[in-house]
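Architecture at a glance
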Amino acid sequence: MDTFAALAEPTRRTILERLAANGNMSATDIYRGFKSSPPAISQHLKVLREAKLVRVEKRAQQRIYYVNPEPMKELEKWIKQFAATKEQEFQSLDKLLETMKADAENAPLLPFE
Amino acid sequence: MANKTTVTAEAGKQELFVIREFDAPRELVFRAHTEAALYEKWVGPDDLAMTVEKMEAHAGGSYRFLHTRGGHVYAFHGVYHEVLAPERIIGTFEFDGLPEAGHVIMGTTKFEDLGGGRCRLVHQSVFQSVQDRDGMVQSGMERGVVDGYNKLDELLSGLRETNTASA
(Lines give C-alpha, C1' and ligand atoms only; values in the text may rest on other atoms or scores of the structure.)
Protein backbone atom coordinates (compact mmCIF):
# COMPACT_ATOMS: atom_id res chain seq x y z
CA MET A 1 0.00 0.00 0.00
CA ASP A 2 1.37 3.41 -0.88
CA THR A 3 1.75 6.42 1.36
CA PHE A 4 -1.44 8.10 0.27
CA ALA A 5 -3.63 5.03 0.60
CA ALA A 6 -2.16 4.44 4.06
CA LEU A 7 -3.04 8.01 5.02
CA ALA A 8 -6.57 7.73 3.68
CA GLU A 9 -7.84 5.77 6.69
CA PRO A 10 -9.03 7.92 9.65
CA THR A 11 -7.76 5.61 12.42
CA ARG A 12 -4.31 5.58 10.87
CA ARG A 13 -4.30 9.36 10.63
CA THR A 14 -5.28 9.55 14.31
CA ILE A 15 -2.41 7.21 15.22
CA LEU A 16 0.03 9.41 13.31
CA GLU A 17 -1.32 12.56 14.93
CA ARG A 18 -0.92 11.05 18.41
CA LEU A 19 2.59 9.83 17.65
CA ALA A 20 3.53 13.26 16.33
CA ALA A 21 2.09 14.94 19.44
CA ASN A 22 3.83 12.56 21.87
CA GLY A 23 7.14 12.10 20.07
CA ASN A 24 6.90 8.33 20.49
CA MET A 25 4.52 5.77 21.99
CA SER A 26 4.65 2.12 22.90
CA ALA A 27 2.31 -0.22 21.05
CA THR A 28 0.44 -0.77 24.33
CA ASP A 29 -0.14 2.97 24.77
CA ILE A 30 -1.42 3.22 21.20
CA TYR A 31 -3.87 0.32 21.77
CA ARG A 32 -5.18 1.96 24.94
CA GLY A 33 -6.26 5.09 23.07
CA PHE A 34 -8.76 3.24 20.85
CA LYS A 35 -12.02 1.41 21.37
CA SER A 36 -11.10 -0.97 18.55
CA SER A 37 -9.47 -4.25 19.51
CA PRO A 38 -5.66 -4.45 19.73
CA PRO A 39 -5.52 -6.79 16.72
CA ALA A 40 -7.42 -4.20 14.63
CA ILE A 41 -5.05 -1.44 15.72
CA SER A 42 -2.12 -3.79 15.20
CA GLN A 43 -3.26 -4.22 11.59
CA HIS A 44 -3.27 -0.42 11.11
CA LEU A 45 0.22 -0.22 12.61
CA LYS A 46 1.36 -2.87 10.14
CA VAL A 47 0.05 -0.78 7.22
CA LEU A 48 1.79 2.30 8.62
CA ARG A 49 5.05 0.38 9.00
CA GLU A 50 4.86 -0.97 5.46
CA ALA A 51 4.17 2.51 4.09
CA LYS A 52 7.21 3.65 6.11
CA LEU A 53 5.08 6.30 7.80
CA VAL A 54 6.23 5.01 11.19
CA ARG A 55 9.34 3.26 12.43
CA VAL A 56 9.66 0.93 15.39
CA GLU A 57 12.36 0.39 17.95
CA LYS A 58 12.37 -2.66 20.22
CA ARG A 59 13.11 -1.74 23.80
CA ALA A 60 13.10 -4.68 26.20
CA GLN A 61 9.64 -6.22 25.75
CA GLN A 62 8.22 -3.02 24.30
CA ARG A 63 7.81 -1.88 20.72
CA ILE A 64 8.18 1.90 20.55
CA TYR A 65 6.66 3.70 17.56
CA TYR A 66 7.93 6.95 16.01
CA VAL A 67 6.62 9.01 13.09
CA ASN A 68 8.85 8.77 10.05
CA PRO A 69 8.67 12.23 8.43
CA GLU A 70 10.11 11.30 5.01
CA PRO A 71 6.90 10.17 3.22
CA MET A 72 5.14 13.30 4.53
CA LYS A 73 7.75 15.39 2.77
CA GLU A 74 6.78 13.68 -0.47
CA LEU A 75 3.25 15.06 -0.11
CA GLU A 76 4.57 18.54 0.66
CA LYS A 77 6.84 18.31 -2.36
CA TRP A 78 4.08 17.63 -4.86
CA ILE A 79 1.86 20.30 -3.36
CA LYS A 80 4.68 22.81 -3.91
CA GLN A 81 5.19 21.64 -7.49
CA PHE A 82 1.49 21.83 -8.17
CA ALA A 83 1.34 25.35 -6.71
CA ALA A 84 4.29 26.39 -8.89
CA THR A 85 2.58 25.19 -12.06
CA LYS A 86 -0.68 26.92 -11.15
CA GLU A 87 1.34 30.07 -10.45
CA GLN A 88 2.83 29.96 -13.96
CA GLU A 89 -0.64 29.65 -15.41
CA PHE A 90 -2.00 32.48 -13.28
CA GLN A 91 0.89 34.72 -14.36
CA SER A 92 -0.33 34.22 -17.93
CA LEU A 93 -3.77 35.23 -16.68
CA ASP A 94 -2.26 38.32 -15.01
CA LYS A 95 -0.87 39.41 -18.39
CA LEU A 96 -4.20 38.79 -20.11
CA LEU A 97 -6.03 40.77 -17.43
CA GLU A 98 -3.67 43.75 -17.96
CA THR A 99 -4.60 43.68 -21.66
CA MET A 100 -8.28 43.42 -20.82
CA LYS A 101 -8.06 46.34 -18.40
CA ALA A 102 -6.25 48.47 -20.98
CA ASP A 103 -8.80 47.57 -23.65
CA ALA A 104 -11.65 48.45 -21.32
CA GLU A 105 -10.09 51.88 -20.72
CA ASN A 106 -9.14 52.63 -24.30
CA ALA A 107 -12.19 51.37 -26.11
CA PRO A 108 -15.04 51.11 -23.65
CA LEU A 109 -17.65 50.97 -26.38
CA LEU A 110 -16.14 48.02 -28.22
CA PRO A 111 -16.49 44.48 -26.99
CA PHE A 112 -13.26 42.69 -26.13
CA GLU A 113 -11.93 40.64 -29.07
CA MET B 1 3.73 43.23 -5.00
CA ALA B 2 3.42 39.89 -6.70
CA ASN B 3 0.38 37.75 -6.02
CA LYS B 4 1.06 34.24 -4.86
CA THR B 5 -0.73 30.97 -5.52
CA THR B 6 -1.63 28.92 -2.45
CA VAL B 7 -2.45 25.24 -2.81
CA THR B 8 -3.86 23.34 0.16
CA ALA B 9 -4.20 19.56 0.03
CA GLU B 10 -4.50 17.96 3.42
CA ALA B 11 -3.10 14.45 3.74
CA GLY B 12 -5.72 11.75 3.44
CA LYS B 13 -8.50 14.01 2.16
CA GLN B 14 -10.06 14.00 -1.28
CA GLU B 15 -10.19 17.72 -1.92
CA LEU B 16 -7.71 20.41 -2.79
CA PHE B 17 -7.89 24.19 -2.76
CA VAL B 18 -6.20 26.71 -5.02
CA ILE B 19 -6.28 30.35 -3.90
CA ARG B 20 -4.90 33.33 -5.82
CA GLU B 21 -5.48 37.09 -5.82
CA PHE B 22 -5.55 39.22 -8.96
CA ASP B 23 -5.00 42.92 -9.61
CA ALA B 24 -8.14 43.04 -11.69
CA PRO B 25 -11.87 43.24 -11.02
CA ARG B 26 -13.58 39.88 -10.66
CA GLU B 27 -15.75 40.64 -13.71
CA LEU B 28 -12.64 40.35 -15.89
CA VAL B 29 -11.30 37.25 -14.16
CA PHE B 30 -14.73 35.65 -14.55
CA ARG B 31 -14.75 36.47 -18.27
CA ALA B 32 -11.28 34.97 -18.66
CA HIS B 33 -12.81 31.71 -17.36
CA THR B 34 -15.98 31.71 -19.44
CA GLU B 35 -15.07 33.10 -22.87
CA ALA B 36 -13.26 30.63 -25.11
CA ALA B 37 -11.07 33.22 -26.86
CA LEU B 38 -9.82 34.44 -23.48
CA TYR B 39 -9.54 31.01 -21.85
CA GLU B 40 -7.29 29.81 -24.67
CA LYS B 41 -4.86 32.60 -23.93
CA TRP B 42 -3.89 31.65 -20.40
CA VAL B 43 -4.66 28.00 -19.65
CA GLY B 44 -1.67 25.71 -20.14
CA PRO B 45 1.94 26.49 -21.00
CA ASP B 46 3.11 28.79 -23.77
CA ASP B 47 4.67 26.04 -25.86
CA LEU B 48 1.45 24.06 -26.16
CA ALA B 49 -1.39 24.67 -28.53
CA MET B 50 -4.51 25.20 -26.47
CA THR B 51 -7.82 24.91 -28.29
CA VAL B 52 -11.25 25.32 -26.80
CA GLU B 53 -13.44 23.01 -28.83
CA LYS B 54 -16.63 23.86 -26.99
CA MET B 55 -17.50 26.20 -24.14
CA GLU B 56 -21.15 26.55 -23.26
CA ALA B 57 -20.73 28.51 -20.07
CA HIS B 58 -24.20 28.13 -18.60
CA ALA B 59 -25.91 25.59 -16.32
CA GLY B 60 -26.25 22.32 -18.19
CA GLY B 61 -23.78 23.38 -20.89
CA SER B 62 -20.56 21.52 -21.51
CA TYR B 63 -17.00 22.30 -22.48
CA ARG B 64 -14.10 20.49 -24.06
CA PHE B 65 -10.58 21.73 -24.61
CA LEU B 66 -7.49 20.23 -26.16
CA HIS B 67 -3.80 20.62 -25.50
CA THR B 68 -1.68 19.62 -28.45
CA ARG B 69 2.02 18.95 -28.49
CA GLY B 70 3.73 17.05 -31.27
CA GLY B 71 1.36 14.29 -32.28
CA HIS B 72 -0.26 14.08 -28.86
CA VAL B 73 -3.64 15.50 -28.03
CA TYR B 74 -4.73 15.75 -24.41
CA ALA B 75 -8.42 16.40 -24.03
CA PHE B 76 -10.34 17.63 -21.00
CA HIS B 77 -14.08 18.01 -20.70
CA GLY B 78 -16.87 18.65 -18.26
CA VAL B 79 -20.35 19.97 -17.62
CA TYR B 80 -21.29 23.29 -16.07
CA HIS B 81 -23.65 23.03 -13.12
CA GLU B 82 -23.80 26.71 -12.27
CA VAL B 83 -22.34 29.75 -13.97
CA LEU B 84 -23.17 32.86 -11.99
CA ALA B 85 -21.44 36.00 -13.27
CA PRO B 86 -19.22 37.30 -11.79
CA GLU B 87 -19.32 35.21 -8.63
CA ARG B 88 -18.84 31.53 -9.23
CA ILE B 89 -18.54 28.60 -11.61
CA ILE B 90 -19.44 25.08 -10.54
CA GLY B 91 -18.83 22.15 -12.81
CA THR B 92 -17.19 18.82 -13.48
CA PHE B 93 -13.72 18.20 -14.88
CA GLU B 94 -12.47 15.03 -16.53
CA PHE B 95 -9.32 14.08 -18.34
CA ASP B 96 -10.13 11.95 -21.39
CA GLY B 97 -6.79 10.16 -21.40
CA LEU B 98 -7.07 8.14 -18.21
CA PRO B 99 -6.92 4.36 -18.63
CA GLU B 100 -10.31 4.12 -16.91
CA ALA B 101 -13.24 6.48 -17.46
CA GLY B 102 -15.43 7.93 -14.74
CA HIS B 103 -12.89 9.73 -12.57
CA VAL B 104 -14.88 12.93 -12.34
CA ILE B 105 -13.72 15.94 -10.38
CA MET B 106 -16.26 18.42 -9.03
CA GLY B 107 -14.90 21.93 -9.18
CA THR B 108 -16.14 25.13 -7.56
CA THR B 109 -14.43 28.39 -8.44
CA LYS B 110 -15.43 31.52 -6.54
CA PHE B 111 -14.40 35.06 -7.42
CA GLU B 112 -14.40 37.31 -4.35
CA ASP B 113 -14.43 41.08 -4.73
CA LEU B 114 -11.63 42.62 -2.66
CA GLY B 115 -12.40 46.23 -3.60
CA GLY B 116 -9.93 48.60 -5.25
CA GLY B 117 -10.16 46.70 -8.53
CA ARG B 118 -8.82 43.50 -6.98
CA CYS B 119 -10.27 40.05 -6.41
CA ARG B 120 -9.52 36.64 -5.00
CA LEU B 121 -10.06 33.33 -6.78
CA VAL B 122 -10.86 30.40 -4.49
CA HIS B 123 -11.04 27.05 -6.25
CA GLN B 124 -12.03 23.77 -4.66
CA SER B 125 -11.66 20.43 -6.43
CA VAL B 126 -13.39 17.42 -4.90
CA PHE B 127 -12.14 14.06 -6.14
CA GLN B 128 -13.82 10.68 -5.90
CA SER B 129 -11.04 9.35 -3.70
CA VAL B 130 -7.79 10.34 -2.05
CA GLN B 131 -6.03 8.17 -4.63
CA ASP B 132 -7.64 10.12 -7.46
CA ARG B 133 -6.49 13.42 -6.00
CA ASP B 134 -2.95 12.38 -5.23
CA GLY B 135 -2.69 10.35 -8.40
CA MET B 136 -3.68 13.31 -10.51
CA VAL B 137 -1.09 15.64 -9.17
CA GLN B 138 1.60 12.99 -8.86
CA SER B 139 1.09 11.71 -12.37
CA GLY B 140 1.43 15.21 -13.66
CA MET B 141 -2.01 15.33 -15.19
CA GLU B 142 -2.22 18.94 -14.08
CA ARG B 143 1.43 19.71 -13.65
CA GLY B 144 2.14 18.19 -17.06
CA VAL B 145 -0.07 20.79 -18.64
CA VAL B 146 2.53 23.30 -17.63
CA ASP B 147 5.88 21.53 -17.62
CA GLY B 148 5.68 19.90 -20.99
CA TYR B 149 3.70 16.77 -20.25
CA ASN B 150 6.78 14.77 -19.38
CA LYS B 151 5.03 12.85 -16.66
CA LEU B 152 1.86 12.53 -18.66
CA ASP B 153 3.75 11.06 -21.57
CA GLU B 154 4.95 8.34 -19.22
CA LEU B 155 1.44 7.77 -17.97
CA LEU B 156 0.07 7.53 -21.46
CA SER B 157 2.82 5.47 -23.02
CA GLY B 158 1.40 2.18 -24.10
CA LEU B 159 -2.11 3.51 -24.36
CA ARG B 160 -3.79 3.57 -27.71
CA GLU B 161 -4.26 6.98 -29.21
CA THR B 162 -8.01 6.67 -29.10
CA ASN B 163 -8.36 10.15 -27.72
CA THR B 164 -6.30 11.62 -30.51
CA ALA B 165 -8.52 9.89 -33.01
CA SER B 166 -11.73 11.07 -31.39
CA ALA B 167 -10.44 14.58 -30.75
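None of these values were measured; they are calculated from a predicted model.

Considerations on the sheet that holds strand β2 (residues 54–59) of chain A
Sheet strands associate in pairs through backbone hydrogen bonding, adopting either a parallel or an antiparallel arrangement. All names here are of chain A. One open sheet holds the three strands; their spatial order is β1-β3-β2, and the pairing between them is antiparallel. Since the sheet does not close on itself, it has two edges, and those belong to β1 (24–26) and β2, each with one partner. When the angles between neighbouring strand axes are averaged without regard to direction, this sheet yields 30°. In terms of strand pairing, β1 meets strand β3 (residues 62–67) through three bridges, oriented antiparallel. In the strand pairing of β3, Ser26 is matched with Ile64.

Re the sheet that holds strand β5 (residues 72–84) of chain B
Residue and element names in this part refer to chain B. Spatially, the eight strands line up as an open sheet ordered β1-β2-β8-β7-β6-β5-β4-β3, and their pairing is antiparallel. With partners counted over all chains shown, the strands left at the sheet margins are β1 (6–8) and β3 (49–55), one partner each. Between one strand axis and the next, the sheet turns through 20° on average, direction left out of account. Here strand β7 (residues 105–115) pairs with strand β8 (residues 118–126) via nine bridges, running antiparallel. Along β8, the bridge assignment pairs Thr109 with His123. Its contacts with the sheet put helix α1 (residues 26–34) on β2 (15–22), β5, β6 (88–95), β7 and β8, and the angle it makes with β7 is roughly 155°.

Describing the packing of helix α2 (residues 10–22) of chain A against helix α4 (residues 38–50) of chain A
All names here are of chain A. At their nearest, the axes of α2 and α4 sit 10 Å apart, and the two run at 75° to each other. Accordingly, the angle class assigned to the pair α2 and α4 is roughly perpendicular. Two secondary-structure elements touch here, α2 through Thr11, Arg12 and Ile15 and α4 through His44, Val47 and Leu48. For the contact of α2 with α4, a count of residues per class yields three nonpolar, two polar and one charged.

Quick look at the interface of chain A and chain B
Where the parts come together, the accessible area they lose is often given as the size of the interface. With 25 residues of chain A in contact, the opposing surface of chain B contributes 27 residues. Contributions of two or more residues to the side of chain A that touches chain B are made by α1 (3–7) and α5 (70–106) of chain A. In terms of residue count, the dominant contributor to the side of chain A that touches chain B is α5 of chain A (19 residues). Split into classes, the residues belonging to the side of chain A that touches chain B amount to 14 nonpolar, four polar and seven charged.

Overview of the environment of His44 of chain A
Residue and element names in this part refer to chain A. Here His44 shows up in helix α4. On the basis of neighbour count, His44 is assigned to the buried category, with 20 C-beta atoms found within 10 Å. Sequence-distant contacts of His44, defined by excluding residues within four places in its chain, comprise Glu9, Thr11, Arg12 and Ile15.

Observations regarding α4 of chain A
An ideal rise of 1.5 Å per residue puts 18 Å on 13 residues; α4 of chain A measures up with 18 Å between its terminal C-alpha atoms. Once α4 of chain A ends, the next one or two residues include Lys52 of chain A, with phi positive near 60°.

Here's the deal with the confidence of the model for chain B
Residue and element names in this part refer to chain B. Predicted confidence across chain B gives a mean pLDDT of 80, with 79% of residues reaching 70 or more. Ranking the helices and strands of chain B by mean pLDDT puts β7 first, with 97, and helix α5 (residues 150–156) last, with 29. When the criterion is pLDDT under 50, residues 140–167 qualifies, and its contacts beyond four places in sequence or with other chains add up to 46 contacts. The complex prediction reports pTM at 0.68, with the ipTM value standing at 0.75.

Side note on the pairing of β7 of chain B
Residue and element names in this part refer to chain B. In the sheet, β6 pairs with β7 via six bridges, with the strands oriented antiparallel. Opposite Gly91, over in β7, you have Gly107 as the bridge partner. The antiparallel hairpin formed by β7 and β8 contains two residues in its connecting segment, where Gly116 sits at a positive phi of about 60°.

Conventions we followed
- Residues numbered from 1 in each chain as written.
- Chains lettered and ligands numbered in written order.
- Predicted model: local features only at pLDDT ≥ 70, side-chain atom pairs only at ≥ 80, totals over all residues.
- Pairing = 2+ DSSP bridges.
- Helix = DSSP H or I, 4+ residues; strand = E, 2+ residues; numbered from the N terminus.
- Axes fitted to C-alpha atoms, helices over the stretch in contact; angles between N-to-C directions.
- Contact = placed C-beta atoms within 7 Å.
- Parallel < 35°, antiparallel > 145°, perpendicular 65-115°, else oblique.
- Nonpolar A, V, L, I, M, F, W, Y, C, P; charged D, E, K, R; others polar.
- Buried ≥ 20, exposed ≤ 12 C-beta atoms within 10 Å, placed from the backbone.
- Expected span 1.5 Å × (residues − 1).
- pLDDT = per-residue confidence, 0-100.

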